[in-house]
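Next come the chains, spelled out residue by residue.
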Amino acid sequence: VVEQRGMTYTSGAIVGGQMTKQALYNYPLTTQNETGRTIGIGLSDAPTYTKLTESWDGMDVAEPAITTYLFNNNTTYTYTDGGVTYTPNARLVQVTQPNGAISKQYSSRAPNFWTDGLVFADETIVSVNSIPTIISSSLVNWQQGDYHSPRPGWAKIFDENGKTVKTEYDYTGGLFNQVTRSCDFDDGNVKLRCATSTYENSQNYKGIWYSVVNGNTVEWYYAGGRHIFNLVLATTVENADGTVASRTNYEYDNYTNQPLVNTPGLIQHKASNNPYTTETNTVQGSCIQWEEHPYGGQYCVDWDYYEVSVFNPSSNYRGNVTKVTNYSDAQNSGGAIANTN
């Protein structure tokens, strides 16, 4: 792939100009298969490349920048958690940057199982005194959450010294995989701090849902209304001993003190979401003149009609933050300091 400037068009042909940048991919161009790759005959997979060579105008180095790629579909990864060693089957994607830094990413290899393809480990490796050294890495333990979707049960982050911080996630009381509590632990499994969150999950925001019993489980389906999730109502940060170090409350869509401003002439917006709209719909009301039917009974020959604004009041629930309150005495929710937006 070449990008050039100063190109010209002469006698029905495009004449190349000066190269701005160039990227070369080593896709297989032979009639023979290469190990770990494929050609365009009888494809069972897309052709792949393992090397990207980049150059550009004004380079300050003599050699092009080369990035290499490695994929291993059948490997394992070993890690320890809680004194137990695990060696799950994995797929490895490895990228070596032009400066020699290596990024490794391991995903679960569990065909026909819900964890298949989920990334659970990564490593960043650089050369220190000619010795490949892991300077950062992470681990994630996946669990199956709401609507059969994956969510992290815990995550570990490792620094260049092998020190770790483990974060455990709790979803109790939340909807849509909302994290309601998370706690951090050091590499000695000593609790460092916890954070909590509550959410705005009223029907005004999440909409209308109905349940269906499927075997031993209850599944929920969206039926209508607003579709706004994960608005945080309150957050706290707790010290290791459980005392509350900070507390923040959020309020949404209270336009009493700061009402929405009319913006006439604004395009590409639905009138039903505009509280200042003058657009109306004609609605049939009650009958104002009845006639006797020759075969008995009555029928209406004249109806009352009236105009109704197309504005939908439920659109007032927009998810706009209108007030944020912090507390100087977070433990006792005292000393409120409100900031109204």
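The structure we're discussing is the one just above.
Cut-offs applied
Residues numbered from 1 in each chain as written. Predicted model: local features only at pLDDT ≥ 70, side-chain atom pairs only at ≥ 80, totals over all residues. Heavy atoms only, no water. Core = buried A, V, L, I, M, F, W, Y, C linked by side-chain atoms within 4.5 Å. Buried < 20%, exposed > 50% of the residue type's maximum accessible area, 1.4 Å probe, protein only. Helix = DSSP H or I, 4+ residues; strand = E, 2+ residues; numbered from the N terminus. Contact = heavy atoms within 4.5 Å. Salt bridge = Lys/Arg side-chain N within 4 Å of Asp/Glu carboxyl O.

J.: Tell me about the nonpolar core, and please be specific about residues and values.
T.: Judged by nonpolar contacts, Y77, Y79, A90, L92, Y106, F120, A121, L139 and W154 together constitute the single largest core of nine residues. Contributions of two or more residues to this core are made by β9 (89–96) and β11 (119–128). Those residues in contact with F120 that sit more than four places away from it in its chain are Y77, P88, A90, Y106, S107, S108, S138, L139, V140 and W142.

J.: How would you explain the pattern of salt bridges if you had to name every residue and give the values?
T.: Tallying each qualifying case throughout the model produces ten salt bridges. E3 is paired through a salt bridge with K21; the nearest N and O atoms lie 4.0 Å apart. Taken together, the residues E3 in strand β1 (residues 2–5) and K21 in strand β4 (residues 18–25) connect sequence positions 18 residues apart. The salt bridge involving R5 is made with D57; its shortest N-O contact spans 2.5 Å. In this pair, R5 is assigned in strand β1 and D57 in the loop between β5 (51–56) and β6 (65–76), connecting sequence segments 52 residues apart. By relative accessible area, D57 is classed as partly exposed at 38%. Within the structure, one salt-bridge network assembled from shared partners comprises D81, K156, K166 and E168.

J.: Let's hear about the environment of A223: which residues, and what values?
T.: Considering the arrangement of structural elements, one finds A223 in strand β18 (residues 217–224). Sequence spacing of A223 and V301 is 78 residues, and the spatial spacing of their C-alpha atoms is 38 Å. Look past the residues within four positions of A223 in its chain and what remains in contact with it is I208, W209 and Y210.

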